[in-house]
Amino acid sequence: MTDKEDKWFVKRMEDLARTADRDGYAVCSDFLNEHQQQLVRSLEPGLPVSVYYTGGYDGAERVVAVFCPVWNEAAREEGPDLQLLRVTLAGARFLTKRPGHRDYLGALMGCGIQREKLGDIGLEDEGAWIWVKQEIAPYLCDELTSVGSVLCRTEPAQWDGQARREEARESVISVSSLRLDSVVSRGFHLSRGTAAEEIRAGRVYLNGSLLQQPDRAVKPNDSVTLRGKGKLRILEEVGVSRSDRIQLRVERLGK
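The notes below deal with the structure included here. Numbering of residues begins from 1 in every chain and follows the order in which that chain's sequence is written. Where local features are concerned, this predicted model is filtered to residues with pLDDT of at least 70; where side-chain atom pairs are given and counted, the filter is 80 or more; whole-chain, interface and lining totals use all residues. The basis for every side-chain value is the complete set of non-hydrogen atoms in the structure, without hydrogens or water.

## Observations regarding the sheet that holds strand E13 (residues 230–240)
Rules: Two strands qualify as a pair provided that DSSP identifies no fewer than 2 bridges between them. By definition, any uninterrupted DSSP run of H or I lasting at least four residues is a helix, any uninterrupted run of E lasting at least two residues is a strand, and each is numbered from the N terminus. By definition, residues are in contact when any of their heavy atoms lie within 4.5 Å. Axis lines are fitted through C-alpha atoms, for helices just across the contact stretch, and the angle between N-to-C directions can take any value from 0 to 180 degrees.
If you walk across this open sheet you meet the 6 strands as E9-E14-E13-E12-E10-E11, and the pairing is antiparallel. For this open sheet the edge positions go to strand E9 (169–175) and strand E11 (209–210), each flanked by a neighbour on one side alone. Taken together, the 3 bridges between strand E10 (residues 204–206) and strand E12 (residues 223–226) define a ladder with antiparallel strand orientation. Within the sheet, the bridge partner assigned to Val 204 lies in E12 and is Leu 226. Where helix H5 (residues 180–187) meets the sheet, its contacts fall on E9, E10, E12, E13 and strand E14 (246–253), and the angle it forms with E9 comes to roughly 130 degrees.

Quick look at the structure:
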């Protein structure tokens with residue numbers, strides 16, 4: 001997000017908070033990414049309401065912010081209108097290559113759904129599960145009938161705690177330094193110059209915060225997100241190679 005987009009987003013969240021305080025009921029945002037969640041958390045001390053976050057299940061990455069008037073405790077019990085959908089692929093057991101996260105996201109975009117109406121998407125052997133805003137659930141049950149060239153059935157489901165998110169792929173990367181551009185370069189298979197350009201263009205987030213300084217240092221437990229490419233989590237330094245390159249154990253989600 002650019003500074004202008006951040007300012008618009010902050011104003012929108014402040015408006016939701018004022019609405020909740022004025023009208024006396026819980027008001028729910030759309031699904032927020034990591035950067036947007038941090039922006040809302042930074043606003044909390046100055047808001048006239050309390051805020052909690054949920055993505056439908058414990059550990060969700062994309063969540064909604066629920067603004068609750070402090071003078072009406074019952075409002076907190078209302079909860080957000082979220083719905084879990086399960087997508088079942090036709091002939092899944094016979095597929096040589098199952099659709100990935102981006103295939104499902106593309107199919108949803110093809111139905112005219114904006115990303116902020118969608119929560120986490122998890123892959124299963126027979127298909128996937130998707131958290132959505134309740135308002136679009138009936139529409140998607142009717143319209144999401146294929147993912148790529150694979151036919152599917154979409155229907156409401158109950159959360160059973162067994163579904164999983166897309167599995168992280170763990171690996172060891174070798175970097176010349178702990179600079180952000182070096183980690184982005186090796187972690188997302190880009191040239192060092194391209195990595196620096198992506199950072200300066202405002203497409204890289206460190207721990208949910210937009211950063212445009214390629215020389216910013218990173219450390220274990222940091223997460224680096226490159227828009228359109230996924231997320232990289234730095235797990236630990238595992239040593240130094242004979243050529244003095246730093247070895248990092250990382251896990252990557254996404255493309």
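## A few points about the packing of aromatic side chains
Here is the rule: Each pair of aromatic rings taken from Phe, Tyr and Trp, with Trp reduced to its six-membered ring, is defined by centres within 6.5 Å and is described as stacked if the planes are under 30 degrees apart, edge-to-face if over 60, and tilted in the remaining cases. Any residue under 20% of the maximum accessible area for its type is buried, any over 50% is exposed, and the rest in between are partly exposed; the area is computed with a 1.4 Å probe on protein chains only.
Under the definition given, this model contains 4 aromatic pairs. Where Tyr 57 meets Trp 129, the ring centres are 5.5 Å apart and the plane angle is 85 degrees; that geometry is what we call edge-to-face. Of the two residues, Tyr 57 sits in the loop between strand E2 (49–54) and strand E3 (63–69) while Trp 129 sits in strand E6 (residues 127–133), which places them 72 residues apart along the sequence. In this pair, the class of Tyr 57 matches that of Trp 129, namely buried. Each member of the aromatic cluster is reached from another via a ring pair, and the members are Tyr 57, Trp 129, Trp 131 and Trp 159.

## Considering the sheet that holds E3
The strand order across the open sheet formed by 3 strands is E1-E3-E2, and the pairing between neighbours is antiparallel. Looking along the sheet, the strands with just one partner apiece sit at the ends: strand E1 (27–32) and E2. If you compare each strand with its neighbour and ignore which way they point, the axes differ by 20 degrees on average. Two strands pair when backbone bridges link them, and E1 and E3 are joined in this way by 4 bridges, in the antiparallel orientation. Counted as the bridge partner of Cys 28 is Val 66 from E3.

## Points about unusual backbone geometry
Of note, Asn 221 is a non-glycine position whose phi angle comes to about 80 degrees, a positive value. Along the chain, Asn 221 turns up in the loop between E11 and E12. Asn 221 sits in the exposed class, given a relative accessible area of 66%. Although it is not a glycine, Asp 244 sits at a positive phi angle of roughly 65 degrees. Note on placement: Asp 244 falls in the loop between E13 and E14.

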